[in-house]
Amino acid sequence: QGLPPARTTRDHDFWNGLWYNEVSLEVVSQNFENNGLQSPGRVRFVKGYFVNSLPTAPIGRIAVLRLDGDMYESTSDILYNLYHKLELGGWVVIDDWHLMSAQWAVLDFREAHSITEPIGFCVGDVQGAYWVKTSNITPQRERYLETLPEGPAKAKQAALAHEQHLREQGRKVRGLYCVEGDQCVFEWVPEDSPVRL
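Just so you know, the residues in each chain are numbered from 1, in the order the chain's sequence is written. In keeping with the model being predicted, local features are shown solely for residues with a pLDDT of at least 70 and side-chain atom pairs are shown and tallied solely at 80 or more, while totals for entire chains, interfaces and linings include all residues. To get the side-chain values, all heavy atoms of the structure are used, and hydrogens and water are removed first.

**Quick word on the overall build of the protein chain**
Okay, so step 1: In DSSP terms, a helix is any run of H or I states spanning at least four residues, a strand is any run of E spanning at least two, and both are numbered starting from the N terminus. Across its full length, the protein chain holds 6 helices and 6 strands.
Okay, so step 2: Start at the N end of the protein chain and walk to the C end: the helices and strands fall as α-α-β-α-β-α-β-β-α-α-β-β.
Okay, so step 3: Considering the protein chain as a whole, with its 197 residues, one finds that 43% of them fall into the buried category.
Okay, so step 4: Looking at the protein chain as shown, the accessible area adds up to about 11,500 Å², and 53% of this sits on carbon and sulfur atoms. Here the term buried applies to any residue with accessible area under 20% of the maximum for its type, exposed to any over 50%, and partly exposed to those in between, with areas from a 1.4 Å probe on protein chains only. Here the open area of atoms and residues is found with the Shrake-Rupley method and a 1.4 Å probe, where only the protein chains shown may cover a residue.

Written as structure tokens, this is what we have:
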């Protein structure tokens, strides 16, 4: 699916245009199988942009939280939706520490939650960083919603702009945006779907 179009001022549409980031679920599944990692009941794929898929992803406890979101928004999506599920003593590994957008997201999240564990750098990898979780936090959901485009009040407007972007790419879709409690969900449905905005 690749990366979404930029919706925050800390991101650029550069990422959305990189064709090599678009990999189908079938290819990912086949790669896992080819490498002996597709064990029944142990791997469950969750398809979709992080902002759509992570709030409701069937994920319980996490031992290693590996971030590879490239963008500010995608990295924030991972942290705000999954960090509280990381076990004490668990590792956060950031692939994209060298990218300012990802680094900003990590530093903003750490500041919002008073996370002070030292950040280390991956040996032999100038791009990666990590820390070990030593205390639990309560995710500041309202802070996360503020990172989304213009906050919840103007989110439908952002969804319509994203829908237009997809149409300009020749995709026949219609956008559906809703806020349910503290959950923000975007869905892109076929144009002839009975679902209404």
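**Focus on the nonpolar core**
Okay, so step 1: Here, nonpolar core refers to any group of buried Ala, Val, Leu, Ile, Met, Phe, Trp, Tyr and Cys residues whose side-chain atoms link them within 4.5 Å. Formed by 25 residues in total, the largest nonpolar core has its most connected members in Leu65, Leu67, Tyr83 and Ile94.
Okay, so step 2: If you list the elements that add at least two residues to this core, you get strand E1 (62–67), helix H3 (72–82), strand E2 (86–94), helix H4 (100–112), strand E4 (129–132) and helix H5 (141–147).
Okay, so step 3: In terms of residues, this core owes the most to one element, H3, which gives 4 residues.

**Some remarks on unusual backbone geometry**
Okay, so step 1: A positive phi angle is found at aspartate 70, which is not glycine, with a value near 60 degrees.
Okay, so step 2: Inspection of the secondary structure puts aspartate 70 in the loop between E1 and H3.

**Description of the pairing of E4**
Okay, so step 1: On E4, burial follows the alternation: Ala129 and Trp131 on one face are buried, whereas Tyr130 and Val132 on the facing-out side are not.
Okay, so step 2: Strands are labelled as partners when DSSP assigns at least two bridges between them. Where E2 and E4 come together, 4 bridges link them in antiparallel fashion. Note on E4: the bridge partner recorded for tryptophan 91 is valine 132.
Okay, so step 3: The pairing of strand E3 (residues 120–121) with E4 spans 2 bridges and is classified as antiparallel. Across the sheet, glycine 120 pairs through a bridge with tyrosine 130, a residue of E4.

**With respect to the sheet that holds E3**
The pairing of strands in a sheet happens through backbone hydrogen bonds and is either parallel or antiparallel.
Okay, so step 1: The strand order across the open sheet built from 4 strands is E1-E2-E4-E3, with neighbouring strands paired in mixed fashion. Pairing within the sheet leaves two strands with one partner each, and these edge strands are E1 and E3.
Okay, so step 2: Residues count as neighbours in contact if any of their non-hydrogen atoms are within 4.5 Å of one another. Simply put, an axis is a line fit to the C-alpha atoms, just over the touching stretch for a helix, and the angle between two N-to-C directions goes from 0 to 180 degrees. Those strands touched by H3 are E1 and E2, and its axis lies near 165 degrees from that of E1.

**Quick look at the pattern of salt bridges**
Okay, so step 1: Between Lys or Arg on one side and Asp or Glu on the other, a salt bridge is scored when a side-chain nitrogen of the former is within 4 Å of a carboxyl oxygen of the latter. Within the structure shown, the criterion is met by 2 salt bridges.
Okay, so step 2: As a salt-bridge pair, glutamate 87 and arginine 61 come within 3.2 Å of each other at their nearest N and O atoms. Here glutamate 87, found in strand E2, pairs with arginine 61, found in the loop between helix H2 (50–53) and E1; they are 26 residues apart in sequence, far enough to count as distant.
Okay, so step 3: Glutamate 87 sits in the partly exposed class, given a relative accessible area of 34%.
Okay, so step 4: One salt bridge in this structure joins arginine 66 and aspartate 95, with 2.7 Å as the shortest N-O distance. Of this pair, arginine 66 sits in strand E1 while aspartate 95 sits in the loop between E2 and H4, and the two are 29 residues apart along the sequence.
Okay, so step 5: According to the relative accessible area criterion, aspartate 95 is buried, its value standing at 16%.

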